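A closer look at the structure
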Amino acid sequence: MRRPLLLLLGLLLLHQGRCFELVIDGEWEEETSDLQDPQRRHKRAILTSEEQEDFEAIRGDDITVKSYKMESRITSRFAHTTVRSSVVNSASTAQSIGFNVQIPKRAFITNFTMNVNGITFTGSVKEKTVARNLYAQARARGKAAGIVRANSQDMETFKTEVHVPPGSNIEFELHYQEMMQRRLGFYEHSLYLQPGRLVPQFQVDVYIYEPNGISTVQTPNTLGSQFSQLVKVTSSKDKAHVVFKPNLQQQRKCENCSGSAVDGVFTVKYDVTRDSNAGELQVSDGHFVHFFAPSNLSPLPKNIVFVIDVSGSMWGVKMKQTVEAMQAILDDLTIDDHFSIVDFNHNVRCWSEELVHGSSIQVTDAKKYIQNIKPNGGTNINEALMRAVQMLVRASNQGMIDPRSVSMIILVSDGDPTVGEIKLSTIQKNVKRVMREEFSLFSLGIGFDVDYDFLERIAMENRGMAQRIYANHDAAEQLRAFYSQVSSPLLRKVTVQFPEDAVSDVTHNHFDKYFSGSELVVAGKVLPSVSSTLTSFTTASAARLDITLQTEANMAELDTELAKQQHSFTGFARQLWAYLTVKQLISERSLAPTAAKKRKITQQIMSLAVEHQFVTPLTALLVESEDAKERLLADSPKDPKHGCCSGVGGGSASNGLAPVRVVHGLPPWVQVTTPAPPSPAETGPQEWMLPGQVNLVDNDPHFIVHLPTSNMDVCFNIDSKPGHILNLVSDTGAGVVVNGRLIGSKHLHKSHLRTYFGTISIYYQPDGLSVTVGTDSISMNDGSNNHTFTWGATAEISQDGVRISIMKDSHVTVTVNNNIQVMVLLHRVWKKNPANVDFLGIYIPNDNQYSPLVHGLIGQFSREPEASVHNVHEGVDPLKKEATMEVKGNKLLVTRGWQKDYRQDKRRGSNIYCWFIHNSGKGFIDGHYTDYIVPNLDSFLRTL
């Protein structure tokens, strides 16, 4: 959790007769708890309120700012930002010159250097004990500086001032790093620009490199309309460069003004290309990072209890904004959701004692209830939360809610408890005791009166997150934005696993939920291995679905690519792993049950922060001159009243946070690239392949029917039209139908348009469940939920009696009730092929267990007809013999030839010799082939 950055400065010696003095700007905040001193807590709330001071990046009178440049290099969601400025004291007297930078709260400062008239100060991160000792030395000399106010809700201030003689040249340079968080479908990178004056060389560069590709780059017009044409974006498949470089005239507020119009947050939003729901696995510099952000999944139903503080302190703007936000939030509920509202002051009231459906009638009534709330009285948080949990428990015990739904409490409060149980640690224990594993608590703290540290602890301990809502004109929008991040849960119980002998020091790999538009990130170290690839396995539960996804990465490929990129951050994987680990350890430290556990975690944090050069609440940045006699010290002190706005990540880590090294066993169906120790769980199927004897349809479309008793294969073609849907299997008894829609080639071939299967559908009527396989994706629909998966990853999906097994870019096998199986094979063609198109082949085993009612172009042959071939003789083509086949009372002229089975070799196929039936199978199939054309992909065949 980020804190307001405190900068302590001490220049301890004279240098060449020039004295550099440091300006005192604040006081050291001791690391004692505010909880024991309510008056001090109130004082701190005032100190860190939203009173805005004038902010300038460079401070000073009569100075010349030669340049101000910001550069960010974002590689695989990890950003390294450098801020540089060059300044001259143009005054005739000595003066203080300040260098101020607003940095994101989630960022870690990694270095600060300063050059004053040739004296260079270089930074390094040390443990906090060093900081305290050096601070004591600086304070004894009356030299100290600090900042205890953050300027905005998303940023905090790094600030230093140095007193220098006239003519002095000063160069400042600050470095910080952060991981981009995906929210509502975008990564957002923000740079605070407020130079406060005109700058001859003013430039912002943002370089983005994403190995899998960049899908979109946006630069919202946040600086004002006059700069909209000055932001230049250059992008390619995997790289983007955003530059903002206004000249002096373009920076002016008006044509003859001397003030700068550059004042605000410069924002770059982007998202990456995702070719698979399995995520993106990257290996670099001995570390791996797995990004998981699936889409095209139906949201899980929600059970929400809104717990709203209506005490007297909420009177006025806070309550107005909360009511406004709740109106929009309630409108977002669906009929599949359940909800209720608990409002509390010194008493606790429930709009409804039971959870109710999110119908329009109930929502309208709830909105009226919210509208009529009149804030007054004290704050009884403990009883309100107890009532909310009891409501969820009762609904769960009574079977009112779907066991696969997501249950959550959303607490909105602006103050500390004043009625009932007021001890925060006791409230925390009470909530923890009654909350079930499947419930989550999200805490929203409005303003600065509330103890944010407490809200964050209680949320993290109960599988949720916390966020501070700033009580200003857009508080309602902040509330709605937070809710939008948690309003579409797509997955539950997400676990990312790796072969145990392939990785170590894995960050949290189990997440309670995944929300739409966000991203889950797991990182770790890669162990030495003879294998050239690393494989990850992700398991999760969606609406009625159980999913297992597999992805892999080449061990050396990314490092080779990074070496070619001029502006990439080559050490991103190592730093991203350390960043995640430190952040998670800081969270664990706040929840540590014992002092000994807390000390152990503290040591881990300090060790990692020093190794990776992060300024954290437990480390400090020591900036020294070359002779180590002059020093500056930057520190990040503890400040419970002004915790960071951590926001909402992709999901919440589960309760009982895992240790840094976490590796689980593999699911039974996987075949690992790097073998894991054998276990009984790994005896399940390792490949999905059909038996040798199959009936198949492939290519244009060529049917091959195997007759086991006669020990022969019979072939026929169907010459139909693009758009026609052919029934392959129709079993009204088993409730299964398999249909295929035809597509055409791009051009005629010998005055003939070739047709292929572009879509195969398997519909299981008892569950109302259909699986649609296309050349681009595979989707499963149960009437209310639709989930889509790409061909880009190996996966297994199970729902009720249907299982889908996808082999990456190869084939998908659909199994119904363990006794009917269909495999669909993907044929990809060269994208620029002038005639051919991507198409599908379908393979169905002979031993499928249909009912006696089965029919269809393939299904009818589950009852093998008696067939015999005689009178074999030379044909028109000497390579193809001809014969007479007697079948179903018909005598047919047949030709000996061969067709292809592409299961083993998709490129060349293997030959299957068969007797070819002419005229679209006439005489071999029942009726005419047009009898098998059906209107829809889920249509059963009419009785022939």
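Scope of this entry: the structure provided in the associated data block. Predicted, not measured: the structure shown is a model, and the values here were computed from it.

**What about the sheet that holds strand 12 (residues 186-193)?**
Where strands meet in a sheet, backbone hydrogen bonds hold them as pairs that are either parallel or antiparallel. Across the sheet, four strands lie side by side as 11-12-17-14; this open sheet has antiparallel pairing. Each edge of the open sheet carries a strand with a single partner, namely strand 11 (182-183) and strand 14 (214-218).

**Remarks on the side chain of H706**
In this structure, H706 sits in strand 36 (residues 702-707). For H706, a relative accessible area of 7% corresponds to the buried category. Of the polar contacts made by the side chain of H706, one reaches the side chain of Q693; its length is 2.8 Å. In this structure, H706 is in contact with Q693, V694, N695, N711, M712, D713 and N846, ignoring residues within four places of it in sequence.

**Notes on the packing of aromatic side chains**
Enumeration according to the criterion identifies 23 aromatic pairs in this entry. Look at Y68 and F202: their rings are 6.1 Å apart centre to centre, the planes differ by 15°, and that puts the pair in the stacked class. Taken together, the positions of Y68 in strand 4 (residues 63-75) and F202 in strand 13 (residues 201-209) put the pair 134 residues apart, joining distant regions of the chain. Each member of the pair, Y68 as well as F202, is classed as buried. Between the aromatic rings of F339 and W351, the centroid separation amounts to 5.1 Å while the plane-to-plane angle is 20°, which identifies the pairing as stacked. Residue F339 is located in strand 21 (residues 338-344), and its partner W351 is located in the loop between strand 22 (348-350) and strand 23 (356-357); the two are separated by twelve residues in the primary sequence. Judged by its relative accessible area of 0%, F339 falls in the buried class. Following the ring pairs from residue to residue traces out a cluster consisting of Y68, F202, F227, F244 and F266. Stacked on the ring of F291, the Lys or Arg R77 has its end atom at 3.8 Å from the ring centre.

**Some thoughts on the state of the cysteines**
If you walk through the whole model with that rule in mind, you get two disulfides. Across the disulfide from C254 sits C257; the S-S distance is 1.7 Å. Between C254 and C257, the S-S dihedral sits near 90°, and the bridge is therefore right-handed. Paired through a disulfide, C715 and C914 show a sulfur-sulfur distance of 1.7 Å. The sign of the S-S torsion, about -120°, decides the handedness of the disulfide formed by C715 and C914: left-handed. Taken together, the positions of C715 in strand 37 (residues 712-717) and C914 in strand 52 (residues 910-917) put the pair 199 residues apart, joining distant regions of the chain. When sorted by exposure, C715 lands in the same class as C914, which is buried.

**Looking at the sheet that holds strand 18 (residues 280-284)**
Spatial ordering of the open sheet is given by 18-19-30-28, a layout of four strands whose pairing is antiparallel. The open sheet terminates on both sides in strands that have one partner only, identified here as strand 18 and strand 28 (503-504). As defined by bridge partners, strand 28 adjoins strand 30 (residues 520-526) across two bridges and the pair is classed as antiparallel. For V503, the partnering residue across the bridge sits in strand 30 and is V526.

**Some words on the nonpolar core**
Counting 90 residues, the largest nonpolar core has F288, L491 and F924 as its most contacted members. Every residue in contact with F924, bar those within four places of it in the chain, is listed here: V705, L707, V714, F716, Q860, F861, V887, K888, L892 and I917. Formed by 55 residues, the second largest nonpolar core is a distinct cluster that contains M70, V101, I214 and V623.

**Re the pairing of strand 5 (residues 78-89)**
Of all twelve residues in strand 5, eleven are buried; the element is thus mostly enclosed. Connecting strand 4 to the next strand, strand 5, in antiparallel fashion are two residues, including S76 with a positive phi near 50°. Bridge analysis of strand 5 against strand 10 (residues 169-179) gives eleven bridges, and the strand direction is antiparallel. Within strand 10, the residue paired with T81 across the bridge is Y176.

**Points about the pattern of salt bridges**
Within the structure shown, the criterion is met by 31 salt bridges. Across the pair E210 and R77 runs a salt bridge whose closest N-O atoms are separated by 2.9 Å. With E210 in the loop between strand 13 and strand 14 and R77 in the loop between strand 4 and strand 5, the pair connects residues that are 133 residues apart, well separated along the chain. We note that E210, like R77, is buried.

What counts, and where the lines are drawn
- Each chain has its residues counted from 1, following the order in which its sequence is written.
- Predicted model: local features are reported for residues with pLDDT of at least 70 only, side-chain atom pairs are reported and counted for 80 or more only, and whole-chain, interface and lining totals are derived from all residues.
- Side-chain measures were taken over the full set of non-hydrogen atoms in the model, leaving aside hydrogen atoms and water.
- If DSSP finds at least two bridges between two strands, the strands pair.
- The secondary structure listing takes helices from DSSP runs of H or I that are at least 4 residues long and strands from runs of E that are at least 2 residues long, numbered from the N terminus.
- Per-residue accessibility, obtained with a 1.4 Å probe over protein chains only, is compared with the maximum for each type, and a residue is labelled buried under 20%, exposed over 50%, and partly exposed between these values.
- Polar contact is defined as a pair of N or O atoms within 3.5 Å, subject to the rule that within protein one atom must be able to donate a hydrogen and the other to accept it, and that residues adjacent in sequence are counted only when both atoms are side-chain atoms.
- Between two residues, a contact is recorded if the distance between any of their heavy atoms is within 4.5 Å.
- Centres within 6.5 Å are what make two rings of Phe, Tyr or Trp a pair, Trp counting through its six-membered ring; a difference in plane orientation under 30 degrees is then read as stacked, over 60 as edge-to-face, and the rest as tilted.
- The criterion for a charge sitting over a ring is simple: Lys NZ or Arg CZ within 6 Å of the ring centre, and within 35 degrees of the ring normal.
- Disulfides are defined as cysteine sulfur pairs within 2.5 Å.
- Only buried residues count toward a nonpolar core, which is a set of Ala, Val, Leu, Ile, Met, Phe, Trp, Tyr and Cys residues joined through side-chain atoms within 4.5 Å.
- By convention in these notes, a salt bridge is any Lys or Arg side-chain nitrogen within 4 Å of a carboxyl oxygen on Asp or Glu.

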